[in-house]
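# Architecture and fold: a report
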Amino acid sequence: MDQSARHAGTMHDHADHDGHTGATWGTAVKATLHCLIGCAIGEILGMVVGTALGWGNVPTMILAIALAFLFGYSFTLFAVRRAGLDFRTAIKVALAADSVSIAVMEIVDNGIVALTPGAMDAQLSDGLFWSALLGGFAVAFVITTPVNKWMIGRGKGHAVVHAHH
């Protein structure tokens, strides 16, 4: 295969990450699932720790949000480090790729938990605690996916990560 054919194939393979050609819904869903997994691990861990330690709502939510960002960024950081980026560049890529997605996801999810009557006072053993938290993740996924599609279509968000694959 000649160089131009190889280059055209590469461009085709990454067309859905290119700001000029738009993004597919499949790419946006994958990016949002990636974000959701990191956010969910961090947020659930923060909620469990804060609730188990008897912390108030505000410190528990601060811990949960901080861990959601930490885990969300970490997943991307590890992926781009494996792809060969140095640590400093990998951090820049993770911040560029995930900040908006994680922020939208956290605003929606925590907003739903905060607005669900009784959820903020529920204990780990209460179904209300888990249904509000998991329901918040589901709604956050639905809202964040179009945001990610829009960003990827403009060469931002997870498109930054795919440039390093």
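Looking at an unreviewed UniProt entry, the chain carries the name DUF4396 domain-containing protein, with the source organism given as Streptomyces venetus.

### Considerations on the packing of aromatic side chains
In this structure the tally under the stated criterion is two aromatic pairs. For the ring pair Phe69 and Tyr73, a centre distance of 5.8 Å and an interplane angle of 50 degrees mean the geometry is tilted. Of this pair, Phe69 and Tyr73 both sit in helix 3 (residues 57-82), separated by four residues, roughly a single helical turn. Among the residues examined, Tyr73 registers a relative accessible area of 19% and is labelled buried. Pairing Phe129 with Trp130 gives two aromatic rings, centres 4.8 Å apart and planes at 80 degrees, and the pair type is edge-to-face. Directly above the ring of Trp25 sits Lys149, whose terminal nitrogen or CZ lies 5.1 Å from the centroid.

### With respect to helix 2 (residues 25-52)
Within an α-helix, residues lying three or four positions from one another point in the same direction, as the helix has 3.6 residues per turn. Given a rise of 1.5 Å per residue, 28 residues ought to cover 40 Å, and the 39 Å separating the end C-alpha atoms of helix 2 matches this to within 8%. Once helix 2 ends, the next one or two residues include Gly54, with phi positive near 75 degrees.

### So, the UniProt feature "transmembrane region" (unreviewed entry) in the chain
Sequence positions flagged by UniProt for "transmembrane region" (unreviewed entry) are, in local numbering, residues 35-55, 61-80, 89-108 and 128-147. The span residues 61-80 is 100% helix and 0% strand, and its two end C-alpha atoms sit 29 Å from each other.

### Some thoughts on the packing of helix 2 against helix 5 (residues 127-153)
In contact at an axis separation of 8 Å, helix 2 and helix 5 are set at 145 degrees when each is read in the N-to-C sense. Regarding helix 2 and helix 5, the two cross each other, and that crossing is right-handed. Per-class residue counts for the contact of helix 2 with helix 5 are 17 nonpolar, six polar and two charged.

### Structural notes on the confidence of the model for the chain
Keep in mind that low pLDDT regions are not for reading the predicted coordinates in detail. In this model, the chain carries a mean pLDDT of 83, and residues with pLDDT of at least 70 account for 82%. Ranking the helices and strands of the chain by mean pLDDT puts helix 5 first, with 93, and helix 1 (residues 3-13) last, with 38. A low-confidence stretch, residues 1-20 stays under pLDDT 50, and its non-local contacts, those more than four residues away or across chains, total 23 contacts.

The rules behind each value
- Residues numbered from 1 in each chain as written.
- Predicted model: local features only at pLDDT ≥ 70, side-chain atom pairs only at ≥ 80, totals over all residues.
- Heavy atoms only, no water.
- Phe/Tyr/Trp six-rings, centres within 6.5 Å; stacked < 30°, edge-to-face > 60°.
- Helix = DSSP H or I, 4+ residues; strand = E, 2+ residues; numbered from the N terminus.
- Buried < 20%, exposed > 50% of the residue type's maximum accessible area, 1.4 Å probe, protein only.
- Lys NZ or Arg CZ within 6 Å of the ring centre and 35° of its normal.
- Expected span 1.5 Å × (residues − 1).
- UniProt positions renumbered as here; feature names shortened; annotations may be inferred.
- Axes fitted to C-alpha atoms, helices over the stretch in contact; angles between N-to-C directions.
- Left-handed = near helix turned anticlockwise from the far one by under 90°.
- Nonpolar A, V, L, I, M, F, W, Y, C, P; charged D, E, K, R; others polar.
- pLDDT = per-residue confidence, 0-100.
- Contact = heavy atoms within 4.5 Å.

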